[in-house]
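The lines below spell out each chain.
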Amino acid sequence: MSPREGFGFRARLADGLEPAAAHGLHAAFAALVAARGLEASGAFGWEADRGCVVSRARRAVREADRRAVAAWAASRAELAEYRVGPVVALGPPLTRAAP
């Protein structure tokens, strides 16, 4: 099996963003990654640990997935700043523990 792949995503919310708008942004991000068969760990927030986006399915994360997240972030006025890293191997593949 190949190592699991993913890419980093880090964002800072715009100053003064209302909680309801932040919640809507999080929901929109979750819908985007789920629709692409991805999952995200971490949280929005520049101070938070860097978030990571990886594949939920057994397919590889593609450059097109990374570009879709970058395009989504660029279109969101609620984000003051964001960074999307390259697709990289994150570590050994997940395996089942022996019974």
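Shown above is the structure to which this text applies.
Residues numbered from 1 in each chain as written. Predicted model: local features only at pLDDT ≥ 70, side-chain atom pairs only at ≥ 80, totals over all residues. Heavy atoms only, no water.

(A) The arrangement of the side chain of Asp65 in detail. Tracing the backbone shows Asp65 in helix H2 (residues 63-74). A polar atom in the side chain of Asp65 sits 2.9 Å from the backbone nitrogen of Arg62. (Helix = DSSP H or I, 4+ residues; strand = E, 2+ residues; numbered from the N terminus. Polar contact = N/O pair within 3.5 Å; in protein donor to acceptor, adjacent residues only side chain to side chain.)

(B) The pattern of salt bridges, seen in detail. The tally for this structure, following the rule as stated, stands at seven salt bridges. Between Asp65 and Arg62 there is a salt bridge, with its nearest N and O atoms 3.7 Å apart. One salt-bridge network, in which partners are shared between bridges, spans Arg12, Asp15 and Glu81. (Salt bridge = Lys/Arg side-chain N within 4 Å of Asp/Glu carboxyl O.)

(C) Region of interest: helix H1 (residues 19-35). In this model, H1 (17 residues) spans 24 Å end to end at C-alpha, consistent with the 24 Å of a helix rising 1.5 Å per residue. Residues of H1 that are buried include every one of Ala22, Leu25, Phe29, Leu32 and Val33, and no others. Buried residues of H1, viewed axially, fall in a sector of 90°; they line one side. Residues of H1 that are exposed and point over 90 degrees away from its buried face: Pro19, Ala20, His23 and Ala35. Just downstream of H1 lies Gly37, where phi reads positive at about 75°. (Expected span 1.5 Å × (residues − 1). Buried < 20%, exposed > 50% of the residue type's maximum accessible area, 1.4 Å probe, protein only. Arc of directions from axis to C-beta.)

(D) Expanded view of the nonpolar core. Core analysis: the biggest nonpolar cluster contains 16 residues, and Phe9, Phe29, Val53, Val69 and Trp72 have the highest contact counts within it. The contact partners of Val69, leaving out residues within four places of it in the chain, are Phe7, Phe9, Phe29, Leu32 and Val84. (Core = buried A, V, L, I, M, F, W, Y, C linked by side-chain atoms within 4.5 Å. Contact = heavy atoms within 4.5 Å.)

(E) Geometry of the packing of aromatic side chains. As enumerated under the stated definition, the model contains two aromatic pairs in all. Ring centres 5.0 Å apart and planes at 15° place the aromatic pair Phe9 and Phe29 in the stacked group. With a gap of 20 residues between them, Phe9 in strand S1 (residues 4-13) and Phe29 in helix H1 connect regions that are remote in the sequence. Counting every residue linked through ring pairs, the aromatic cluster contains Phe9, Phe29 and Trp72. (Phe/Tyr/Trp six-rings, centres within 6.5 Å; stacked < 30°, edge-to-face > 60°.)

(F) Structural context of H2. Between its terminal C-alpha atoms H2 stretches 16 Å, which fits the 16 Å expected from twelve residues at 1.5 Å a residue. Check the buried side of H2 and you find it contacts S1, H1, strand S2 (38-41) and strand S4 (79-84).

(G) Layout of the environment of Ala14. Residue placement: Ala14 occurs in the loop between S1 and H1. Taking the C-alpha atoms as reference, Ala14 lies 5.1 Å from Leu79; in sequence the two are 65 residues apart. Setting aside anything within four residues of it in sequence, one finds Ala14 in contact with Ala77, Glu78, Leu79 and Ala80.

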